[in-house]
Amino acid sequence: MTETRPPPAEPGPATQDTTVRPFRVEVPDQALDDLRRRIAATRWPSRELVTDRSQGVQLATLQALTSHWASDYDLRRIKARLNALPQFTTEIDSLDIHFIHVESPHENALPLIMTHGWPGSVIELLEVVGPLTDPTAHGGRAEDAFSLVLPSLPGYGFSGEPAEIGWDPGRTARAWAVLMGRLGYSHYVAQGGDVGAVITDAMGRQAPQGLVGIHTNLLVTALAGPQPMESEQERAAAEALATFRATGFGYFLEQATRPQTIGYALLDSPVALAAWMLDHDTDSYQKISRAVLDGQPAGHLTPDRILDNITLYWLTGTGASAARAYWESGRAQALAAGQAPPPVQVPVSFTTFPDEIFAAPRSWVERAYPNLSYFNEATKGGHFAAWEEPELFSEEVRAAFRSLR
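Counting restarts for each chain, with residues numbered from 1 along the sequence as it is written. At least 70 in pLDDT is required for a residue's local features to be given in this predicted model, at least 80 for side-chain atom pairs to be given and counted, and no such filter applies to totals for whole chains, interfaces and linings, which use all residues. Water and hydrogen atoms were dropped before computing side-chain values, which therefore reflect all heavy atoms in the structure.

**Q** Looking at this structure, I do not really get the packing of helix α5 (residues 169-182) against helix α6 (residues 195-206). What am I missing?
**A** Lines fitted to the C-alpha atoms define the axes, with helices restricted to the stretch that makes contact. Angles between their N-to-C directions range from 0 to 180 degrees. Segments assigned H or I by DSSP are reported as helices when at least four residues long, segments assigned E as strands when at least two residues long, and all are numbered from the N terminus. Two numbers describe how α5 lies on α6: the axes approach to 8 Å, and their chain directions differ by 70°. Comparing the axis directions of α5 and α6 gives the class roughly perpendicular. Note on element contacts: α6 touches α5 through V198, I199, A202, M203 and Q206, opposite P169, G170, T172, A173, R174, W176 and A177. Note on residue classes: Ala, Val, Leu, Ile, Met, Phe, Trp, Tyr, Cys and Pro are nonpolar, Asp, Glu, Lys and Arg are charged, and everything else, Gly too, is polar. When its residues are assigned to classes, the contact of α5 with α6 shows 8 nonpolar, 3 polar and 1 charged. Orientation is classified from the angle alone, with under 35 degrees giving roughly parallel, over 145 giving roughly antiparallel, 65 to 115 giving roughly perpendicular, and any other angle giving oblique. Note on definitions: a residue-residue contact is assigned when non-hydrogen atoms from the two residues lie within 4.5 Å.

**Q** Honestly, empty space enclosed by the protein in this entry has me stumped. Any pointers?
**A** Rolled over the atoms, a probe sized like a water molecule indicates the empty space that remains. Of the grid points, spaced at 1 Å and generated over the protein atoms alone, those admitting a 1.4 Å probe that cannot get out make up cavities, while open sets with protein on both sides within 12 Å along at least five of seven lines make up pockets; any residue with an atom within 4 Å of a point is treated as lining. Grid points are joined across faces, edges and corners, and a volume is the space filled by probe spheres set on the points. If you walk through the whole model with that rule in mind, you get 3 cavities of 30 Å³ or more. Within this model, the largest cavity holds a volume of roughly 120 Å³. Among the secondary structure elements, those contributing two or more residues to the lining of the largest cavity are α10 (270-278), α11 (282-294) and α12 (303-316). For the lining of the largest cavity, the element with the highest residue contribution is α12, accounting for 3 residues. When its residues are assigned to classes, the lining of the largest cavity shows 9 nonpolar, 4 polar and no charged. Along the wall of the second largest cavity there are 16 residues; nearest its centre are E124, L125, G193, N217 and A386. Looking at the lining of the second largest cavity, the elements that each hand over two or more residues are β4 (110-115), β6 (188-192) and α15 (385-388). A class-by-class count of the residues in the lining of the second largest cavity yields 6 nonpolar, 8 polar and 2 charged.

**Q** What is the right way to read the layout of surface pockets from this model?
**A** The space that makes up the second largest pocket amounts to roughly 420 Å³. If you go around the second largest pocket, you meet 23 residues; those closest to its centre are W44, P45, L62, V271 and A275. Sorting elements by how many residues they give to the lining of the second largest pocket places α10 first, with 4 residues.

**Q** Looking at this structure, I do not really get the pattern of salt bridges. What am I missing?
**A** One side chain can pair with another of opposite charge once the charged atoms of both are near each other. In the sections that follow, a salt bridge refers to a side-chain nitrogen of Lys or Arg positioned within 4 Å of a carboxyl oxygen of Asp or Glu. Scanning the model with the defined rule gives 25 salt bridges in all. Between D201 and R205 there is a salt bridge; the shortest N-O distance is 2.8 Å. In this pair, D201 and R205 are both assigned in helix α6, 4 residues apart and thus about one turn of the helix distant. Here D201 and R205 have matching classes, each one buried. Look at the salt bridges and you will find they share partners, linking R77, R81, E127, R305 and D308 into a network. Each residue gets one of three labels from its accessible area relative to the maximum for its type: buried under 20%, exposed over 50%, partly exposed in between, using a 1.4 Å probe on protein chains only.

**Q** Before we go on, may I ask you to explain unusual backbone geometry in this structure?
**A** Trans is the common state for peptide bonds, and a negative phi is the common state for residues other than glycine. The linkage connecting W118 with the following residue, P119, adopts the cis geometry, with an omega of 5°. The backbone phi angle of A207 is positive, close to 45°, even though this residue is not glycine. The exposure class of A207 is buried, given its relative accessible area of 0%.

**Q** What's the story with the packing of helix α2 (residues 59-71) against α12 in this structure? I'm lost.
**A** In a pair of packed helices, the angle between the axes and the distance between the axes together describe the arrangement. Between α2 and α12, the least distance of the axes is 11 Å, while the angle of their chain directions is 75°. When the axis of α2 is compared with that of α12, the two are roughly perpendicular. Contact with α2, carried on its side by L65, H68 and W69, involves P303, D304, I306, L307, I310 and T311 of α12 and no other residues of that element. Looking at the contact of α2 with α12 residue by residue, the class counts come to 6 nonpolar, 2 polar and 1 charged.

**Q** Can you walk me through the side chain of T89 in this structure?
**A** When you line up the elements, T89 lands in strand β2 (residues 87-92). What makes T89 buried here is its relative accessible area of 9%. Setting aside anything within four residues of it in sequence, one finds T89 in contact with T19, V20, R21, F23, I97, H98 and F99.

**Q** Sorry if this is basic, but what is going on with the pairing of β6 here?
**A** Regular strands have side chains that alternate between both faces of the sheet. The element β6 is extensively covered by neighbouring structure, given that 5 of its 5 residues are classed as buried. Burial along β6 is two-sided: the residues Y188, A190 and G192 and V189 and Q191 are all buried. At least two bridges found by DSSP between two strands is the condition for calling them paired. The pairing of β4 with β6 spans 4 bridges and is classified as parallel. When the bridges of β6 are listed, M114 appears paired with Q191. Two strands pair when backbone bridges link them, and β6 and strand β7 (residues 211-216) are joined in this way by 5 bridges, in the parallel orientation. When the bridges of β7 are listed, Y188 appears paired with L211. Running through α6, the crossover from β6 to the neighbouring parallel element β7 is right-handed. Orienting the strands away from the viewer, one traces the path from the first strand over the helix to the second; a clockwise path indicates a right-handed crossover.

**Q** What am I meant to see in the packing of aromatic side chains here?
**A** Two rings from Phe, Tyr or Trp (for Trp, the six-membered ring) form a pair when their centres are within 6.5 Å of each other. A pair whose planes differ by under 30 degrees is stacked, one over 60 is edge-to-face, and the rest are tilted. What the rule picks out here adds up to 16 aromatic pairs. Measuring from centroid to centroid gives 5.2 Å for W118 and Y251, while their planes differ by 15°, and the two rings are stacked. Here W118 is found in the loop between β4 and α4 (129-133), whereas its partner Y251 is found in helix α8 (residues 250-257), with 133 residues between them in sequence. Take W118: its relative accessible area is 1%, and that puts it in the buried class. Looking at Y251, the relative accessible area reads 6%, which means it is buried. Pairing Y156 with Y313 gives two aromatic rings, centres 6.2 Å apart and planes at 75°, and the pair type is edge-to-face. One end of the pair, Y156, is in the loop between β5 (146-151) and α5; the other, Y313, is in helix α12, and 157 residues separate them in sequence. According to the relative accessible area criterion, Y156 is buried, its value standing at 2%. Overall, the relative accessible area of 4% leaves Y313 in the buried class. Members of the aromatic cluster, joined through ring pairs, are W118, F244, F249, Y251, F252 and Y326. In this structure, R405 packs its charged tip against the face of F146, placed 4.5 Å from the ring centre. Two limits define a charge over a ring: the Lys NZ or Arg CZ must be within 6 Å of the ring centre, and within 35 degrees of the ring normal.

Okay, here's the thing in structure tokens:
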């Protein structure tokens, strides 16, 4: 099977700069002053008329979070956190891609490219860098070590903003294969959740030379159509998915159909940006709200870590360009309507986290991926599992790829 895979060809013109350049985050003082000024000048709506989140992000939660943002939160945290790690940029398909590259201190570490989602960024993956690259310092074994590549999606964070349409998940997946080849990795694995799961699934179907396996924690194929509802577990997953589509799908529809419209608010008001990013799924919203209002974080999902991610979006001005990625994905699906996607040609591993939007049962995962090589139901964690439960998430990634070393 390996012999039939296409090599990660370098796209674009022959004059493309393939240099891998060191990168450091710089944060101008005036940008921070402007952020505080805009938060202070916010025109707040009246309080919601219900006691839950059915009308959206609750006023008390958002006011508490943004008050902390403007006063107690260290606006230079993301600079310090990111600059503590090796960062680089390189041009792929005429677009600058930002990525973190942490090589393991252990011999024979397995290269792993991990892709974040929305409303996440590389920030959501920082907590797993230590456990995955240096497992012996975190209760693991040296033979389970990874060398990590954490790219920022096109239009997100410090990656370039596409100036033309066409940067759909398939194109990004091909760019990731080029990136791993450019870094000299001839044997590697890939992991992703949320949008990152879409990219990772696409990589598995493209099966570029060097990719030997994938792991995801969101069953993206279940979002595309109805699934069997024969067992109690299948019915529960289908009900959870239906509830999400009925009550929590607003951000998805807006970004998939009118990203430019919402982009005006996301680029002009930091409070609007924060509200938009908090309004993802009920479980993560409730955990964030408890952390903000009651000081009870779920795992590592603390107010400061939440603000690290929102601040990155604000300072890079990527609210609109990140939203457009949903439009690109929808456009690609429309163009491929009626065409069966190619099968995934590498071993697939999957972890179901109990607080995910829907807890995918093994039967659904096996239906999507007949070549399933690892499956486990974690004991805790939700949609942003790497961010929320980094130790448990790291254990899952180690177990998922252990047979592929």
